[in-house]
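Letter by letter, the chains look like this.
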Amino acid sequence: MIALEIAGLVENPITLDWKAFLALPQVDDVSDFHCVTTWSRYDNQWRGVRFRTLAELAVPKHDARFVLCTRYEHM
């Protein structure tokens with residue numbers, strides 16, 4: 001199952017399956033990508049869910065300081 005889990009120092013831990021994730025408000029954005037190895041790619045077009053939307057759902061606790069993103073794929 002493909003899912004996004006938001007847990008840890010949050011008031012509302014949640015797990016969203018792909019359908020629920022796609023049902024969240026999405027935005028279009030154009031931004032530049034600058035790599036630490038000194039190359040850049042300009043005017044990248046993106047569509048997706050803003051981090052702010054996810055944070056508003058999970059409600060980080062006052063003492064939360066970091067976000068850890070990992071990937072797990074189960075086939």
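Now for a quick tour of the structure. (Residues numbered from 1 in each chain as written. Predicted model: local features only at pLDDT ≥ 70, side-chain atom pairs only at ≥ 80, totals over all residues. Heavy atoms only, no water.)

## Notes on the pairing of strand β2 (residues 14-17)
Residues in a regular strand point their side chains to alternate faces of the sheet.
Point 1. On β2, burial follows the alternation: I14 and L16 on one face are buried, whereas T15 and D17 on the facing-out side are not.
Point 2. Pairing analysis gives four bridges linking strand β1 (residues 3-6) to β2, with the strands arranged antiparallel. When the sheet's bridge partners are listed, I6 is paired in β2 with I14. (Buried < 20%, exposed > 50% of the residue type's maximum accessible area, 1.4 Å probe, protein only. Helix = DSSP H or I, 4+ residues; strand = E, 2+ residues; numbered from the N terminus. Pairing = 2+ DSSP bridges.)

## Some words on the pattern of salt bridges
Note on pairing: side chains with opposite charge can pair once their charged atoms come close.
Point 1. Within this structure, the stated rule accounts for one salt bridge.
Point 2. A salt bridge links R47 to D28, with the nearest nitrogen and oxygen atoms 3.1 Å apart. Of this pair, R47 sits in strand β4 (residues 40-48) while D28 sits in strand β3 (residues 27-34), placing them 19 residues apart in sequence.
Point 3. Its relative accessible area of 56% is what places R47 among the exposed residues.
Point 4. Overall, the relative accessible area of 56% leaves D28 in the exposed class. (Salt bridge = Lys/Arg side-chain N within 4 Å of Asp/Glu carboxyl O.)

## Concerning the side chain of N44
Point 1. Examined against the element boundaries, N44 turns out to sit in strand β4.
Point 2. Classification of N44 as buried rests on a relative accessible area of 7%.
Point 3. Reaching out from N44, the side chain makes a polar contact with the side chain of R41 at a distance of 2.6 Å.
Point 4. Once residues within four sequence positions are removed from consideration, N44 is found in contact with D29, V30, S31, D32 and F33. (Polar contact = N/O pair within 3.5 Å; in protein donor to acceptor, adjacent residues only side chain to side chain. Contact = heavy atoms within 4.5 Å.)

## A word on unusual backbone geometry
Point 1. One non-glycine residue, D43, lies in the positive phi region at around 60°.
Point 2. Mapping D43 onto the fold places it in strand β4.
Point 3. Notably, V59 is not glycine yet its phi reads approximately 55°, a positive angle.
Point 4. Judged by relative accessible area, V59 falls into the partly exposed class, the value being 37%.

## Here's the deal with a nonpolar patch on the surface
Point 1. Residues I2, W18 and L22 make up a contiguous nonpolar surface patch of roughly 350 Å² in combined accessible area.
Point 2. Among the structural elements, L22 can be located in helix α1 (residues 18-23). (Patch = residues over 30% accessible without salt bridge, like charges linked within 9 Å, V, L, I, M, F, W, Y side chains within 5 Å. Areas by Shrake-Rupley, 256 points an atom, 1.4 Å probe, with all protein chains shown as cover.)

## Considerations on the packing of aromatic side chains
Point 1. Per the counting criterion, the structure on display carries two aromatic pairs.
Point 2. Taking the centre distance of 5.8 Å and the plane angle of 20° together, the rings of W18 and F21 count as stacked. Here F21 and W18 lie together in helix α1, a separation of three residues that amounts to about one turn.
Point 3. Overall, W18 belongs to the partly exposed group, its relative accessible area being 49%.
Point 4. Relative accessible area serves as the criterion here: at 18%, F21 is assigned to the buried category.
Point 5. An angle of 35° between the planes, with centres 5.6 Å apart, marks the rings of F33 and W39 as tilted.
Point 6. Judged by relative accessible area, which is 41%, F33 ranks as partly exposed. (Phe/Tyr/Trp six-rings, centres within 6.5 Å; stacked < 30°, edge-to-face > 60°.)

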